[in-house]
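So you can see what is in the structure, the chains are spelled out below.
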Amino acid sequence: MNEVNEILSQLTTEEKEKLRAKKVLVTGGGGFLGSWIGETLLALDTKVYCLDNFSTGVRRNIESLKNNKNFRLIEGDVENFETDESFDFVFHFASRPAPDDYVLHPVETLKANSIGTLKMLELSKKSNATFVYASSSEVYGDAEVIPTPEDYWGKVNPIGVRSCYDEGKRFSEALCMAYFRECNLDVRIVRIFNTFGPRLRADGTYGRAISRFLTQALGHQPITIYGDGQQTRSFTYVTDTVTGILKVATSGLAKGEVFNIGNTEETKIIDLATLIIKLTESKSKIIFLPPAKDDPRRRRPDITKAMLTLKWAPRVSIEEGIKRTIEWLKNQKI
Ligand code: UDP
């Protein structure tokens, strides 16, 4: 089964009907999550307007969508986007997501997650659209409560190098709730935990732990661990994350609500590196580099709320997801 069919198979008929034959704007629609959301919506005969400035998005992600009559690409920055169109849903997913990258572009990262969010909320208000915001587990910072539930307020360094992302996401959440409370706008916030799978970038500063380690391992290059590798993350396969996002978008119980969407399987980065070396049968050695600044030590979601409210739970294990990503990576090289 391909990724889109797998996502669709996990949505109920009612959820699919709420998304079918609609008109949707996806900001960051050329990115990892945005392109999978767009592709899934196109399969439901929905008109997808993809807004992307390709700062980190990749044209290849949407190559196969370009000939679809329901797909429209708009190139530009979300914070400067003007339109007379109106939409049924606005998915605001535009942002630089990789720590090594956003620390080099803090102003741009904050703009997408402040002015960009404000503009998309205004557009949603004008359209009477449902607004879905791609927030992040980063709003919890270096969490002191593990597993972390939605009602944990976070431990974030407001002036640290990661603050452009963390505080941008936190400000945007506050803005969403302001529009919900003051304008009764239908806003839904998804706190997305580390997600991986086909289309996650591995190159340069855009790379994330899984995509980078896989590329390093397949090339028999050293695996670059920042710090001692004892820090943890809970890695979610992309079909599980996108399914969760679409359930948040359509649930009758999600208006004005926030949901953790992530896998509960917590993995040490050193164990991730070892697993990847094993699954790729690589000759790579692990090298230890200086730790990343303000890097959270542990990250694991409490997903009780999503399980009970949305009837959602991740289905793909980290090992299974890595195997599938390896297949995709190998096909890319052909
Ligand atoms: N990491 C690493 N080597 C890399 C890339 C990432 O050791 O080449 C670590 C990083 O310091 C963090 C974890 O892997 O502790 C996850 O990093 P990623 O960039 O994937 O996501 P995030 O920090 O946003 O959770």
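These lines cover the structure that appears in this document, whether it is placed above or below. (Residues numbered from 1 in each chain as written. Predicted model: local features only at pLDDT ≥ 70, side-chain atom pairs only at ≥ 80, totals over all residues. Heavy atoms only, no water.)

**Concerning the site of the ligand**
Close to the ligand lie 16 residues, the nearest being Thr224, Tyr226, Arg233, Asp295 and Arg299. Here Arg299 contributes a side-chain N or O atom positioned 2.7 Å from an oxygen atom of the ligand. Of all elements in the fold, only α9 (209–218) and β8 (223–226) reach the threshold of two or more residues within the shell around the ligand. When the residues that make up the shell around the ligand are grouped by side-chain class, the tally is six nonpolar, three polar and seven charged. (Near = heavy atom within 4 Å. Polar contact = N/O pair within 3.5 Å; in protein donor to acceptor, adjacent residues only side chain to side chain. Helix = DSSP H or I, 4+ residues; strand = E, 2+ residues; numbered from the N terminus. Nonpolar A, V, L, I, M, F, W, Y, C, P; charged D, E, K, R; others polar.)

**Notes on the packing of aromatic side chains**
Per the stated rule, a full pass over the model turns up eight aromatic pairs. Taken together, a centroid distance of 6.5 Å and an interplanar angle of 5° make the contact between Phe131 and Tyr133 stacked. The exposure class of Tyr133 is buried, given its relative accessible area of 0%. For the pair Tyr140 and Tyr152, a centre-to-centre distance of 6.1 Å together with 40° between the ring planes defines the contact as tilted. Of the two residues, Tyr140 sits in the loop between β5 (130–136) and α8 (163–183) while Tyr152 sits in the loop between β5 and α8, which places them 12 residues apart along the sequence. Classification of Tyr140 as buried rests on a relative accessible area of 2%. Within the aromatic cluster, the residues linked to one another by ring pairs are Phe89, Phe91 and Phe93. Sitting over the ring of Phe54, Arg59 keeps its end group 4.2 Å from the ring centre. Taking the ring centre of Tyr206 as reference, the NZ or CZ of Arg201 above it sits at 3.7 Å. (Phe/Tyr/Trp six-rings, centres within 6.5 Å; stacked < 30°, edge-to-face > 60°. Buried < 20%, exposed > 50% of the residue type's maximum accessible area, 1.4 Å probe, protein only. Lys NZ or Arg CZ within 6 Å of the ring centre and 35° of its normal.)

**Details of α8**
Taking 1.5 Å per residue as the helical rise, α8 with its 21 residues ought to reach 30 Å, and the 28 Å between its terminal C-alpha atoms agrees with that figure. Within α8, the full set of buried residues consists of Ser163, Cys164, Tyr165, Asp166, Gly168, Lys169, Ser172, Glu173, Leu175, Cys176, Met177 and Tyr179. The inward-facing, buried residues of α8 contact α5 (99–102), α6 (106–112), α7 (115–127), β5 and β6 (187–192). Among the residues trailing α8, Asn184 stands out with phi positive, at a value near 60°. (Expected span 1.5 Å × (residues − 1). Contact = heavy atoms within 4.5 Å.)

**Here we look at the side chain of Thr148**
Its location among the elements puts Thr148 in the loop between β5 and α8. We classify Thr148 as buried; its relative accessible area is 2%. Side-chain polar atoms of Thr148 contact the backbone oxygen of Val145, separated by 2.6 Å.

**Some words on the nonpolar core**
It is characteristic of soluble globular proteins that their nonpolar side chains tend to be buried jointly. Among the nonpolar cores identified, the biggest contains 63 residues, and Ile37, Phe91, Phe93, Leu246, Leu272 and Ile322 are the most heavily contacted of them. With eight residues, the single largest contributor to this core is helix α11 (residues 269–280). Setting aside residues up to four positions removed in sequence, Leu246 forms contacts with Ile7, Leu11, Leu19, Ile37, Thr40, Leu41 and Phe91. Counting residues in hydrophobic clusters, the runner-up holds 24 residues, among them Leu51, Ala112, Leu121 and Ile189. (Core = buried A, V, L, I, M, F, W, Y, C linked by side-chain atoms within 4.5 Å.)

**Section: a nonpolar patch on the surface**
Residues Val103, Leu104 and Val161 make up a contiguous nonpolar surface patch of roughly 240 Å² in combined accessible area. For Leu104, the location among the structural elements is in the loop between α5 and α6. (Patch = residues over 30% accessible without salt bridge, like charges linked within 9 Å, V, L, I, M, F, W, Y side chains within 5 Å. Areas by Shrake-Rupley, 256 points an atom, 1.4 Å probe, with all protein chains shown as cover. Salt bridge = Lys/Arg side-chain N within 4 Å of Asp/Glu carboxyl O.)

**Topic: the sheet that holds β6**
The strand order across the open sheet built from seven strands is β3-β2-β1-β4-β5-β6-β11, with neighbouring strands paired in parallel fashion. A single partner strand is all that each edge strand has here, and the edge strands are β3 (71–75) and β11 (257–261). Averaged over all neighbouring strand pairs, the angle between strand axes comes to 20°, with direction disregarded. The pairing of β6 with β11 spans five bridges and is parallel. Residue pairing for β11: Arg191 is matched across the bridge by Asn260. Where α8 meets the sheet, it contacts β5 and β6, and its direction lies at approximately 155° from that of β5. Seen against the sheet, helix α10 (residues 238–250) touches β4 (89–92), β5, β6 and β11 and runs at an angle of roughly 160° to β6. (Pairing = 2+ DSSP bridges. Axes fitted to C-alpha atoms, helices over the stretch in contact; angles between N-to-C directions.)

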